[in-house]
Amino acid sequence: QRPIVRLLSCPGTVAKDLRRDEQPSGSVETGFEDKIPKRRFSEMQNERREQAQRTVLIHCPEKISENKFLKYLSQFGPINNHFFYESLGLYAVVEFCQKESIGSLQNGTHTPRTAMEAAIPFRSRFFNLKLKNPTSERSRIRSSNQLPRSNKQLFELLCYTESIDDQLNTLLKEFQLTEENTKLRYLTCSLIEDIAAAYFPDCIIRPFGSSVNTFGKLGCDLDMFLDLDETRNLGAHKTSGNFLMEFQVKTVPSERIATQKILSVLGECLDHLGPGCVGVQKILNARCPLVRFSHQASGFQCDLTTNNRIALTSSELLYIYGALDSRVRALVFSIRCWARAHSLTSSIPGAWITNFSLTMMVIFFLQRRSPPILPTLDSLKTLADAEDKCIIEGNNCTFVRDLNRIKPSRNTETLELLLKEFFEYFGNFAFDKNSINIRQGSEQNKPDSSPLYIQNPFETSLNISKNVSQSQLQKFVDLARQSAWILQQEDRDRPSISSNRPWGLASLLLPSVNRKSFTKKKSNKFAIETVKNLLESLKGNGTENFTKTSGK
Ligand code: GTP
Ligand code: MG
């Protein structure tokens, strides 16, 4: 279903907002190929943040007239774009052209009064629209999907696709975040920022992780952090004569305790005052303290941390890797889905491999191709200019931020070959001796005895997969070998496109126990049933992993 993105004014933004609908049918939209020159991560973040600040979220009655709705809202100021989506009711995301329009809308809004309940007043940008005369409004509104296609449909798509390359691209297209979903993620952060600003007026709530690094799957969690740099650095370099002015502040024994105190207060605030924030959990004793909650209207499972600049930098690095070559994201999405299908990753924290680690493994593998598909982090560092210099908490996070300064790869290998080679490479990797290191792009001796050692790209003395047990690693290796073998067999025994027997990527997503009977029976009915169950697990009820409390 195509989302409705109607543009009423602001001509400058028309081309950009229509782009999604202009894709030629059958082409895979990855969101990057059509942007020349490629945009920097910081530009993209700033632009989206600014858009979100001009945007409101409105809970609407099930049946309203879209035209009347827009006409009503337009009296507060011109609208740039809008879309509807469903999540326990109908919601509209409305982006005004000017921020000031929101003030006018808020001035025309009142706090509800009910006989049974008392309201905690809050001038938020999350509204509830009621109809004065419901009977006159009958039209149903088309809404944008915030979750991927049904499992059955997706599986059928994969079965009828012509090549393994197309299968990987189809999976990417079906699972990647849509423009609307991305907008909703930035808006949710912006709404949380309004609440946090009650305590910290200059704070910024920044999204990071898979919501922004281009590897996010529809339904994945929303990672965000409270950025207090504006407050911290306020007037940092201003001195006047012999005097130096400091704020009178409370002090605590460590940075960690400061983080815990800030998050504790914000957790309370979200719980007691945040419209639509439910199930607030304060997980303050984790290695990386966080507040977890559900944002009901958007349907996002949110993880709020503080001071996560390094994680934001990791997101920027992944964004760059994802943008350099269209094969990167297609391969990462398929490997993540493959891992989820075989329970190599999980929504419960534990000894499992995380999606973040899997992405690092794919990047490393692509650096090892000949010629390489991706450059090493060290070579991105040598391309950096003075502006790119970046030290965070003593860690050198310098690398080139301008995508246009990185030469494209001369490697022309197909996705099919890369998928096969990925499984072979890691099926035979000397995990007992070597570590994975995207900084150098070469295997290094393991500095300790962790079963899986993936060097943290910026905090280089840390292992991002420290949590992974030997048995989980072995399971990964066994499945990788088995998958390489299946793909080799497929070469000899490829079914015709007219049969809907799972093949290629689809057969890799089948649980191992069912694979043998599949190849023997080739029964279509059996295939669809098994696959339905499998894909149910793939999407994990619409929410993705949130294993970040382990292994950071
Ligand atoms: P999803 O599974 O789709 O949520 O992927 P994700 O990349 O968002 O992973 P997750 O939500 O677990 O973590 C969010 C971000 O935190 C990641 O993108 C990384 O930038 C960072 N992160 C996660 N795990 C680690 C880790 O073990 N070490 C470090 N240094 N950063 C991590
Ligand atoms: Mg995440």
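All residue numbers refer to position in the chain's written sequence, counted from 1. Lettering for chains starts from A, numbering for ligands starts from 1, and both go in the order in which the items are written. In keeping with the model being predicted, local features are shown solely for residues with a pLDDT of at least 70 and side-chain atom pairs are shown and tallied solely at 80 or more, while totals for entire chains, interfaces and linings include all residues. Values reported for side chains reflect all heavy atoms of the structure, with hydrogen atoms and water molecules removed beforehand.

## Considering the sheet that holds strand S3 (residues 90-96)
In sheet architecture, strand pairing relies on hydrogen bonds along the backbone and comes in two forms, parallel and antiparallel.
Here's step 1: Strand order in the open sheet formed by 4 strands is S2-S3-S1-S4, with mixed pairing between adjacent strands. With partners counted over all chains shown, the strands left at the sheet margins are strand S2 (79-86) and strand S4 (126-128), one partner each. Averaged over all pairs of adjacent strands, the angle between strand axes in this sheet comes to 20°, irrespective of strand direction.
Here's step 2: Two strands qualify as a pair provided that DSSP identifies no fewer than 2 bridges between them. The way it works is that DSSP assigns letters per residue, a run of H or I at least four long becomes a helix, a run of E at least two long becomes a strand, and they are numbered from the N terminus. Here S2 pairs with S3 via 7 bridges, running antiparallel. Bridge pairing in S3 links Tyr 85 to Tyr 91. Angles run from 0 to 180 degrees between N-to-C directions of axes, and those axes are lines fitted to C-alpha atoms, restricted for helices to the stretch in contact.

## Some details on the pattern of salt bridges
Here's step 1: Take a side-chain nitrogen of Lys or Arg and a carboxyl oxygen of Asp or Glu: if they are within 4 Å of each other, that pair is a salt bridge. In total, this model carries 19 salt bridges according to the counting rule given.
Here's step 2: Asp 194 serves as the salt-bridge partner of Arg 125, at 2.9 Å between the closest nitrogen and oxygen. Of this pair, Arg 125 sits in the loop between helix H4 (100-107) and S4 while Asp 194 sits in helix H7 (residues 179-196), and the two are 69 residues apart along the sequence.
Here's step 3: Residue classification places Arg 125 among the buried residues on the basis of a relative accessible area of 5%.
Here's step 4: Buried, partly exposed and exposed residues are distinguished by accessible area as a fraction of the type maximum, computed with a 1.4 Å probe on protein chains only: under 20%, between the cut-offs, and over 50%, respectively. According to the relative accessible area criterion, Asp 194 is partly exposed, its value standing at 28%.
Here's step 5: Salt bridges sharing partners connect three or more residues here, namely Arg 48, Glu 50, Arg 54, Glu 95, Glu 179 and Lys 183.

## A few points about the coordination of the magnesium ion (ligand 2)
Here's step 1: Only nitrogen, oxygen and sulfur atoms within 2.8 Å of the metal, or 3.2 Å for Na, K and Ca, are treated as donors, and water is left out, so sites may look incomplete. Within the protein, Asp 221 (OD) and Asp 223 (OD) serve as the donor atoms for the magnesium ion (ligand 2), at 2.1 to 2.2 Å. Asp 223 carries the same exposure label as Asp 221, and that label is buried.

## With respect to the packing of helix H10 (residues 309-324) against helix H12 (residues 355-367)
Here's step 1: Relative to each other, H10 and H12 sit at 45°, their axes nearing to 12 Å. In terms of orientation, H10 lies oblique with respect to H12. Considering how the two elements wind past one another, H10 and H12 form a crossing that is left-handed. Along its contact with H10, which presents Ser 314, Leu 318 and Tyr 321, the element H12 presents Phe 356, Thr 359, Met 360, Ile 363 and Gln 367.
Here's step 2: Polar here means any residue other than Ala, Val, Leu, Ile, Met, Phe, Trp, Tyr, Cys and Pro, which are nonpolar, and Asp, Glu, Lys and Arg, which are charged; Gly is therefore polar. Considering only residue class, the contact of H10 with H12 consists of 5 nonpolar, 3 polar and no charged. Put simply, angles under 35 degrees are roughly parallel, angles over 145 are roughly antiparallel, angles from 65 to 115 are roughly perpendicular, and the rest are oblique. Should the near helix be turned counterclockwise from the far one by less than a right angle, the crossing is left-handed, whereas a clockwise turn marks it as right-handed. Throughout, a contact is declared for two residues whenever any of their heavy atoms are within 4.5 Å.

## A closer look at the packing of aromatic side chains
Here's step 1: Side-chain rings of Phe, Tyr and Trp (the six-membered ring for Trp) are treated as a pair once their centres are within 6.5 Å; stacked means planes under 30 degrees apart, edge-to-face means over 60, and tilted covers the remaining angles. This structure, assessed with the given rule, holds 24 aromatic pairs.
Here's step 2: Seen from their ring centres, Tyr 425 and Phe 426 are 4.9 Å apart, and the 85° between their planes marks the pair as edge-to-face. We note that Tyr 425, like Phe 426, is buried.
Here's step 3: Chaining the aromatic ring pairs together yields one cluster made of Trp 338, Phe 364, Phe 365, Phe 422, Phe 423, Tyr 425, Phe 426, Phe 429, Phe 431 and Phe 476.
Here's step 4: The ring of Phe 175 is capped by Lys 217, whose NZ or CZ atom sits 5.0 Å from the centre of that ring.
Here's step 5: Between Arg 401 and the ring centre of Phe 399, over which it is positioned, the NZ or CZ distance is 3.8 Å. By definition here, charges over rings are those cases where NZ of Lys or CZ of Arg is within 6 Å of the ring centre and within 35 degrees of the ring normal.

## Overview of the pairing of strand S7 (residues 277-283)
Here's step 1: As paired elements, S7 and strand S8 (residues 290-295) share 5 bridges and run antiparallel to each other. Its bridge partner being in S8, Gln 281 is matched across the sheet by Arg 292.
Here's step 2: Count of turn residues in the S7/S8 antiparallel hairpin: 6 residues.

## What to know about the confidence of the model for the protein chain
Here's step 1: Confidence scores per residue from the predictor, reported as pLDDT, run from 0 to 100. Looking at the protein chain as a whole, the pLDDT averages 84, with 82% of positions reaching at least 70.
Here's step 2: Averaged pLDDT values over the elements of the protein chain bottom out at 33 in helix H1 (residues 14-22) and peak at 98 in H12.
Here's step 3: Contacts for the low-pLDDT stretch residues 1-36, under 50 throughout, to residues beyond four places or in other chains number 65 contacts.
Here's step 4: Across residues 540-552 the pLDDT falls below 50, and counting only partners more than four positions away or on other chains, this stretch makes 45 contacts in the model.
Here's step 5: Both scores are given for the predicted complex: the pTM is 0.86, the ipTM 0.96.

## Let's talk about helix H3 (residues 66-74)
Here's step 1: Of the residues making up H3, those classed as buried are Glu 66, Phe 69, Leu 70 and Leu 73. One side of H3 holds all its buried residues, which, seen down the axis, span an arc of 95°. When the buried face of H3 is taken as reference, the exposed residues oriented beyond 90 degrees from it are Asn 67 and Lys 71.
Here's step 2: Among the structural elements, strand S1 (55-60), S2, S3 and H4 are those in contact with the buried residues of H3. Here the arc refers to the set of directions running from the helix axis out to each C-beta atom.

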